[in-house]
Amino acid sequence: MLAFIVNRLLQAIGVMLVVALFAFIISNYVGDPINNMLGQEATLQDRAQLKKDLGLDDPAPVQFARFVGEALRGNFGISYQMKRPVSHLIVERLPATLELVFVAATIALVLGVIGGVFTGLRRNAVSSRAIMTISLVGVSLPTFVIGILLIYGFAVLPKSCVHGVHLFGALLFDCADVAMISLPSFGRGDTVDIGAWQSGLLTAEGWRHLVLPGVTLSLFNLTLILRLVRSEMLEVLRTDYIKFARARGLTDRAVHFGHALKNTLVPVITVAGIQIGSLIAFSTITETVFQWPGMGLLFIQSVQFADVPIMTAYLVLAALIFVVINFTVDVLYAAIDPRLRADRVAAGRA
Amino acid sequence: MNADRLRDRLIGAGVRHRWARFRASDLFYSFRRSPTTVVAAIVTFVLIFGAVFAPLLAPHTPFIPASIDINDAFKAPAWTQGGDWRFLFGTDNQGRDMLSTIMYGGRLSIFVGFAAVALAMLIGILLGLSAGYFSGWYESAVMRVADVQLTIPGILLALLIDGVVRALLPPNSKEDYASLVLVIAIGLASWPQYARVVRSATLVEKSKDYVAAARVIGVPSLTIMLRHILPNVMGPVLVIGTLGLALAIIAEATLSFLGVGLPPTSPSLGTLIRVGNDFLFSGEWWITLFPALALIILSLAVNLLGDWLRDALNPKLR
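Residues numbered from 1 in each chain as written. Chains lettered and ligands numbered in written order. Predicted model: local features only at pLDDT ≥ 70, side-chain atom pairs only at ≥ 80, totals over all residues.

Undergrad: How should I be thinking about the overall build of chain B in this particular structure?
TA: Scanning chain B from terminus to terminus reveals 13 helices and zero strands. Projecting the C-alpha coordinates of chain B onto the three principal axes gives extents of approximately 75 × 60 × 35 Å. Residues counted as buried form 45% of the 318 residues belonging to chain B. Considering only contacts in chain B between residues 6 or more positions apart, those separated by 24 or more positions represent 67%. (Helix = DSSP H or I, 4+ residues; strand = E, 2+ residues; numbered from the N terminus. Buried ≥ 20, exposed ≤ 12 C-beta atoms within 10 Å, placed from the backbone. Contact = placed C-beta atoms within 7 Å.)

See the structure below:
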């Protein structure tokens, strides 16, 4: 087990060094840092002086070592566009993204497992078939289109009254009532400061603002987990030990949840872990649709304005998150399923 | 018989022979047996045809300023209140016909999608083929880079490459090269899938007798790779390519929606959705929902074709 962990750790460090090399190349050779800091009108002496101060005269390996050292201390330079240290910007924006990702992951996991168990147990019911068909749509729609459709359905339509008659649920509510159930579609609402962490999870408005972006971000992973749990349930329900449990006269509840569900969860944990990475990637899109002031929105703006320091910092941070998740999942998986340890180490060396 | 002979004289016997062979093939049989696939193929064909021939087929010329009238702005779709039958799907904020802008926009989306897939295929095939053929440190270097790249989601990578390429371009020329930037970003972000598949297929083919025979009679490595091995590994590449086309079209739309793709002056479907999004709250839903619908139908149809091709070419599922 120790050999396995050390092996995986070395691989993770290797990946991070490769990513750091790319980030270094981007930050040093894309755009002209001297021009960006001094402007076009600086004299040649000023340029030479700054070049020396920044250490751009040193050989490339020395510069790379310095880049890695600075990155380890969280220093990625100053944003061209906002003229503030990148690390401050990211620390400010990180809580918003993490809260969004946390809410989306929770929705995906809870509803995905419940829906998967339900459709797995009643595989021929009309409701199950309906859920499966809808889930197919969830997989094939692009994230930003889902966001727009949700905004239209839950923020725009409830407020649209035509001649005092509501288009949407006209029989159930009058206009004033429907306008009240409409959901906010941009920003975070009220936030509460806990030290440096701005949290939207402590106010009712904050939660209301989380609904639409959270659902948008979770939908793809929800369908993925739902389909996975369903197929695993179908597989497990056919096994001998389930038949034996039934023959012993155990209740349906004990069989389904005590025996079957437990055995479907190993692959679900793996997939869920790996998918947290994709949630962070797709949060860039969701944050843009809902003007959510997180890291993803910051990154998109940096791409629009070719703001290199923010782009490199985001690249390194995202890669770090993915590597940590992959490492944790690998170790957890090996801890859960001992058969994998020997093979995995061999495969890693090959 | 006579008709056949006439056709042979007009288009050549080879074409008829190939067509007959195609009609008798397993592939065509499985195609005909699946109604979903036939519908998907027809929809794909109609959409691509409409997009490619947009200049001839579109009812209006939305990107020629002289031909649009600002008085026509914000017209609702023809069948609703306030609609006008000159504009079937309504008009946008500048009075441009939505149907025509969608046709022209789809043209750009499809072009960028095809070009990005072609670039990814080219890089993936070259690297995968050479990595599989010449094993050793070169192979592990290529595959390790592919592995590292696969740990980062494609859309994030495409965004990053997009940003870097834009930073490299001289200022004020970013709009001129927008579609090229997109092709490079999406193409570079998706080559590892092709490289992996081609490499593993090459490893299988390399050990077969026909390759050994070619090597024995002194055929150069490059010729063996391109003329002997490549045709035998193309099947899975086509499957990934078709599924990749749907992904590339969605990636292009996403980047354009995020404002780092095609500019509003030459909009793709994603740009149209982004521009229309600003009018969603004031009730002009058609400006954003029709381009979104076109994007959904296009990607769904291409996806279904790809799924069918994957199952039809997989001998295990027959």
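Once you've had a look at it, read on.
Undergrad: I would appreciate a short explanation of the overall build of chain A in the present structure.
TA: When you go through chain A residue by residue, the secondary structure sums to 14 helices and four strands. Taking all 350 residues of chain A together, 33% fall into the buried category. The long-range fraction of contacts in chain A, counting pairs at least 24 apart against all pairs at least 6 apart in sequence, stands at 70%.

Undergrad: Help me understand helix α10 (residues 240-247) of chain A in this model?
TA: Turn by turn, an α-helix covers 3.6 residues, leaving residues three or four places apart pointing in a common direction. Within α10 of chain A, only zero of the eight residues are buried, leaving the element largely exposed. Trailing α10 of chain A by a residue or two, Gly249 of chain A shows a phi angle of about 90°, which is positive.

Undergrad: So what exactly am I meant to see when it comes to the nonpolar core here?
TA: Soluble globular proteins: nonpolar side chains tend toward being buried together. Counting 155 residues, the largest nonpolar core has Leu315 of chain A together with Ala158, Ile186 and Tyr194 of chain B as its most contacted members. Looking at this core, the element that brings in the most residues is helix α6 (residues 98-133) of chain B, giving 17 residues. (Core = buried A, V, L, I, M, F, W, Y, C linked by C-beta atoms within 7 Å.)

Undergrad: Looking at this model, I keep getting lost on helix α9 (residues 178-206) of chain B. Mind explaining?
TA: Here α9 of chain B contains 29 residues, and its C-alpha end-to-end distance of 41 Å stays within 8% of the 42 Å for a straight helix at 1.5 Å per residue. Within α9 of chain B, 22 of the 29 residues are buried, which leaves it mostly tucked inside the rest of the structure. (Expected span 1.5 Å × (residues − 1).)

Undergrad: Explanation requested: the interface of chain A and chain B in the structure shown.
TA: Tallying the contact residues gives 33 residues for chain A and 34 residues for chain B. In terms of residue count, the dominant contributor to the side of chain A that touches chain B is helix α13 (residues 308-336) of chain A (seven residues). Broken down by class, the residue content of the side of chain A that touches chain B amounts to 23 nonpolar, 10 polar and no charged. (Nonpolar A, V, L, I, M, F, W, Y, C, P; charged D, E, K, R; others polar.)

Undergrad: Explain the environment of Leu222 of chain A here, please?
TA: Residue and element names in this part refer to chain A. Locating Leu222 in the fold gives a position in helix α9 (residues 204-237). Here Leu222 falls in the buried class, since 24 other C-beta atoms lie within 10 Å of it. Not counting chain neighbours up to four residues away, the residues in contact with Leu222 comprise Ile107, Ala108, Leu111, Gly112 and Gly138.

Undergrad: Sorry, what's going on with the confidence of the model for chain A here?
TA: Low pLDDT means the predicted coordinates in that region are not meant to be read closely. Residues and elements named next belong to chain A. For chain A, the mean per-residue pLDDT works out to 80, and 85% of the residues sit at or above 70. No element of chain A has a lower mean pLDDT than strand β2 (residues 165-166), which averages 48, and none a higher one than helix α5 (residues 86-121), which averages 90. Scored below 50 in pLDDT, residues 344-350 makes seven contacts in the model with residues more than four places away or belonging to other chains. (pLDDT = per-residue confidence, 0-100.)

Undergrad: Is there a simple way to explain the packing of helix α8 (residues 154-168) of chain B against α9 of chain B in this structure?
TA: When two helices pack together, you describe them by how their axes are tilted relative to each other and by the distance separating the axes. All names here are of chain B. Contact pair α8 / α9: the axes reach a minimum separation of 8 Å and the direction vectors enclose 140°. Relative to α9, the element α8 is oriented oblique. Crossing of α8 against α9: the hand is right-handed. Contacts between α8 and α9 involve Gly154, Leu157, Ala158, Ile161, Asp162, Val165 and Arg166 from the former and Val181, Ile184, Ala185, Ile186, Leu188, Ala189 and Ser190 from the latter. Across the contact of α8 with α9, the residue classes tally to 10 nonpolar, two polar and two charged. (Axes fitted to C-alpha atoms, helices over the stretch in contact; angles between N-to-C directions. Parallel < 35°, antiparallel > 145°, perpendicular 65-115°, else oblique. Left-handed = near helix turned anticlockwise from the far one by under 90°.)

Undergrad: Teacher, can you tell me more about the confidence of the model for chain B here?
TA: Mean pLDDT over chain B: 83, with 93% of residues reaching 70 or higher. Across chain B, the element-wise mean pLDDT spans from 63 in helix α1 (residues 2-11) of chain B up to 92 in α6 of chain B.

Undergrad: Would you mind going over the packing of α5 of chain A against helix α11 (residues 252-289) of chain A with me for this structure?
TA: Residue and element names in this part refer to chain A. At their nearest, the axes of α5 and α11 sit 10 Å apart, and the two run at 145° to each other. Handedness of the α5/α11 crossing: right-handed. For the pair formed by α5 and α11, the contact residues are Thr97, Leu100, Val101, Ala104, Ala105, Leu109, Val117 and Leu121 on the first element and His256, Leu261, Ala272, Ile276, Leu279, Ile280 and Ser283 on the second. Of the residues contributing to the contact of α5 with α11, the split by class is 12 nonpolar, three polar and no charged.

Undergrad: I would appreciate a short explanation of unusual backbone geometry in the present structure.
TA: Glycine aside, negative phi is the norm for most residues, and most peptide bonds take the trans geometry. Residues and elements named next belong to chain A. In this structure, Gln291 takes a positive phi of about 45° despite not being glycine. Checked against the element boundaries, Gln291 lands in the loop between α11 and α12 (295-304). On the basis of neighbour count, Gln291 is assigned to the exposed category, with 12 C-beta atoms found within 10 Å.

Undergrad: What is the right way to look at the environment of Val103 of chain A in this model?
TA: Residue and element names in this part refer to chain A. Structurally, Val103 can be placed in helix α5. Looking at Val103, the number of C-beta atoms within 10 Å reads 20, which means it is buried. For the pair Val103 and Val215, spaced 112 residues apart in the sequence, the C-alpha separation amounts to 8.6 Å. Once residues lying within four places of it in the same chain are set aside, the contact partners of Val103 are Leu210 and Gly214.

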